[in-house]
Amino acid sequence: MGSLYVWLKFLHLTGLVVFLFGHGIAGGASLALRNRPTGDVSRALLELSIWSYRIAYPGLGLLILTGVWMGFLGTWWGRGWIWVSIAILVILFGLMTYLSLPYHRSRDAAKEADSVLAERLGRTRPELAGVIGAVGIVALLFLMVFKPF
């Protein structure tokens, strides 16, 4: 059945899939909310996106835990690619947190009047967040697969 490292790699990829699935729900909801009239459907999509983090964050936790563990088992800490990967992950987390602030404020306004919710949803930038996230994921995949330095 393979070594511990192979199992950790399997769990690492499982964490990635779970994270992307859960986070994709929130991303899809944010795209659907961008230019739609507010109302019950918008509020339901906001609730769905909040709920989706119950899936995404455990996947991210598994991803980080197994990545660090594999770093020790594979003695990768002396290689540059793992440090660049960590830097990219930290930068991505910071950028995505910053870009999602208007979206979180929209969630907070879900119980307020439609005009307040519409104004807050108008400040979101889901397309930019999607592009930044996709570029970051591709860069991380490149580093993890090819380990170029």
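That block above? That's the structure.
Residues numbered from 1 in each chain as written. Predicted model: local features only at pLDDT ≥ 70, side-chain atom pairs only at ≥ 80, totals over all residues. Heavy atoms only, no water.

Concerning the side chain of Thr66
Working step 1: Topologically, Thr66 is positioned in helix 2 (residues 40-73).
Working step 2: Given a relative accessible area of 2%, Thr66 falls into the buried group.
Working step 3: Only 3.3 Å separates the side chain of Thr66 from the backbone oxygen of Leu63, close enough to count as a polar contact. (Helix = DSSP H or I, 4+ residues; strand = E, 2+ residues; numbered from the N terminus. Buried < 20%, exposed > 50% of the residue type's maximum accessible area, 1.4 Å probe, protein only. Polar contact = N/O pair within 3.5 Å; in protein donor to acceptor, adjacent residues only side chain to side chain.)

Structural notes on a nonpolar patch on the surface
Working step 1: Together, Leu4, Trp7, Phe10, Leu11, Trp69 and Leu73 make up an exposed nonpolar region whose accessible area comes to about 580 Å².
Working step 2: Put simply, the parts of the chain that give the nonpolar patch at least two residues each are helix 1 (4-33) and helix 2.
Working step 3: It is helix 1 that contributes the most residues to the nonpolar patch, four residues altogether.
Working step 4: The residue Trp7 is located in helix 1 in this model.
Working step 5: A relative accessible area of 37% means that Trp7 is categorised as partly exposed. (Patch = residues over 30% accessible without salt bridge, like charges linked within 9 Å, V, L, I, M, F, W, Y side chains within 5 Å. Areas by Shrake-Rupley, 256 points an atom, 1.4 Å probe, with all protein chains shown as cover. Salt bridge = Lys/Arg side-chain N within 4 Å of Asp/Glu carboxyl O.)

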